[in-house]
Each structure stands twice: as structure tokens, then as C-alpha cells.
Amino acid sequence: MSCHVVHTAEPRSTTCLPWAGSASFGAAMGCAAWSLAVWARAYCDAGYDAGGRFELNFLLPLVVGAEALVGLAARVIGRRLVLHAPRMVRASLPTLLVAVVTVWCAWCFFATRGTLDGYPGDSDHCPASNVPPPWPEWIPA
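Predicted, not measured: the structure shown is a model, and the values here were computed from it. (Residues numbered from 1 in each chain as written. Predicted model: local features only at pLDDT ≥ 70, side-chain atom pairs only at ≥ 80, totals over all residues. Heavy atoms only, no water.)

**Here's the deal with the packing of helix 1 (residues 17-44) against helix 2 (residues 50-82)**
Test applied: Here, axes are lines fitted to C-alpha atoms. For helices the fit covers the stretch in contact, and angles between N-to-C directions go from 0 to 180 degrees. Put simply, DSSP H or I for four residues or longer makes a helix, DSSP E for two residues or longer makes a strand, and each gets a number counted from the N terminus. Here the angle decides the label: under 35 degrees means roughly parallel, over 145 means roughly antiparallel, 65 to 115 means roughly perpendicular, and every other value means oblique. Note: crossing handedness is left-handed where the near helix turns anticlockwise from the far helix by less than a right angle, and right-handed where it turns clockwise. Think of it as three bins: nonpolar holds Ala, Val, Leu, Ile, Met, Phe, Trp, Tyr, Cys and Pro, charged holds Asp, Glu, Lys and Arg, and polar takes everything else, Gly as well.
Remark: helix 1 packs on helix 2, axes separated minimally by 7 Å, with the N-to-C direction vectors making an angle of 150°. Between helix 1 and helix 2, the crossing angle belongs to the class labelled roughly antiparallel. Crossing of helix 1 over helix 2 shows right-handed handedness. Along the lines of polarity and charge, the residues of the contact of helix 1 with helix 2 split into 16 nonpolar, six polar and five charged.

**Some points on the environment of Ala37**
Take Ala37: it is sitting in helix 1. On a C-alpha basis, the gap between Ala37 and Leu116 in space is 9.6 Å, while along the polypeptide they are 79 residues apart.

**Quick look at the state of the cysteines**
For clarity, the threshold we go by: The term disulfide is used for any two cysteine sulfur atoms that are within 2.5 Å.
Applying the stated rule across the entire model yields one disulfide. Between Cys44 and Cys126 runs a disulfide, and the two sulfur atoms are separated by 1.9 Å. Residues Cys44 and Cys126 share a disulfide whose torsion about the S-S bond is about -80°; that sign makes it left-handed. Separated by 82 residues along the polypeptide, Cys44 in helix 1 and Cys126 in the segment after helix 3 (93-114) bring together distant segments of the chain.

**Let's talk about the nonpolar core**
Our working rule: Side-chain atoms within 4.5 Å link the members of a nonpolar core, which is a set of buried Ala, Val, Leu, Ile, Met, Phe, Trp, Tyr and Cys residues. Exposure is judged per residue with a 1.4 Å probe applied to protein chains only, and the accessible area is read against the type maximum: over 50% gives exposed, under 20% gives buried, and values in between give partly exposed.
In this structure, Met29, Ala33, Trp34, Ala37, Val38, Leu56, Leu59, Val63, Ala106 and Phe109 together form the largest nonpolar core, which totals ten residues. With five residues, helix 1 is the single largest residue contributor to this core.

**Description of the packing of aromatic side chains**
Rules: The pairing test for Phe, Tyr and Trp rings, Trp by its six-membered ring, is centres within 6.5 Å, and the orientation test on the planes gives stacked under 30 degrees, edge-to-face over 60, and tilted for anything in between. A ring is considered to have a charge above it if a Lys NZ or an Arg CZ atom is located within 6 Å of its centre and within 35 degrees of its normal.
In the structure shown here, the tally under the stated rule is three aromatic pairs. Judged by centre distance (6.4 Å) and plane angle (20°), the ring pair of Phe54 and Phe58 falls under stacked. Of this pair, Phe54 and Phe58 both sit in helix 2, four residues apart, roughly one helical turn. Here the basic side chain of Arg53 rests over the ring of Tyr48, its NZ or CZ set 5.2 Å away from the ring centre.

**Side note on the side chain of Thr102**
Our working rule: In this description, contact between two residues means that some pair of their heavy atoms is separated by no more than 4.5 Å.
With respect to the helices and strands, the residue Thr102 is situated in helix 3. Leave out the neighbours within four places in its chain, and Thr102 touches Phe25, Gly26, Met29, Glu67, Val70 and Gly71.

**Looking at the pattern of salt bridges**
Our working rule: A pair is scored as a salt bridge if a Lys or Arg side-chain nitrogen falls within 4 Å of a carboxyl oxygen belonging to Asp or Glu.
Inspection of every chain in the model, using the stated rule, returns two salt bridges. We note a salt bridge from Arg41 to Glu55, for which the minimum N-O separation is 3.1 Å. Of the two residues, Arg41 is situated in helix 1 and Glu55 in helix 2; the sequence distance between them amounts to 14 residues. The class of Arg41 is buried, set by a relative accessible area of 1%. Overall, Glu55 belongs to the partly exposed group, its relative accessible area being 24%. Here Arg113 makes a salt bridge to Glu55, at a shortest N to O gap of 2.6 Å. Residue Arg113 is found in helix 3, and its partner Glu55 is found in helix 2; the two are separated by 58 residues along the sequence. A residue is classified by how much of its surface remains accessible, and Arg113, at 28% relative accessible area, is partly exposed. Several salt bridges share partner residues, and in doing so they unite Arg41, Glu55 and Arg113 into one network.

Below, the structure written as C-alpha cells:
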């Protein structure tokens, strides 16, 4: 018979908080990208008919789930890169990689699905590129 001692006073060496934060940030970026796509289509009235709204509603859980997985994958890659990184960068590299990759994926979704280039819009608010005029010009779409 063996006796196992559990040390509850010792702090746990690994925590799931960074992983949950990466997945949550990715899911939030997915929601933001989806919301921007809906806003752009509604503003320009391009692809906002019944079929376009169905497409966007169908894509919502896929985009949120995919962005959460992208956040987790970026965390994994960041943890692997930390092994070879300089000491000053080790703490922030995984978090920075998660932020950059998830924001880039959200921007790509907005640019491809939110602004339907050449789609005939009915609102006369937008140019042929269907990028809404309130969108900042310094962010390409």
C-alpha cells in the first residue's frame, strides 16, 4: 500500500488561463469580423438580401470557432518559438503572436466576405469596391 501526499500549498506550475485567453480572444475577433462584415454589407446594401444574410448567419459559428482555433494554434506556435527566443522576448512572444494572427485573420474575413468587390449595391452610399466610406482609409479592405 502506498500513500500519496498532495501538496496543496504549492502553486501549480501550469495554468490554463493563457490557453483560455487565446481561445477567447480569437472568438472575440471572430465576432468582431462577422459584425464588421454584416455592417459593411448592410451599409452598402451589397449582398444583404435574404441569401446574403443566410450566408452570414451560417458563417457566424464557423468564423467564431475557426478564430478560436487560430488563437490556440498561434499560442502553440508561440510556445514553440519561445524555446529559441531571446530572454527579453519570452514572456510576450506567444501573446503577441496570438494577437497579430487572430486580428489578421479577422481582417481577411472582413475584406473578403464583408466588402464584395464589384457586387451591385443599391444604397448609392458606397463605391464599386463596396468598402463603406466610414471605414478608415489607412486600413486596406
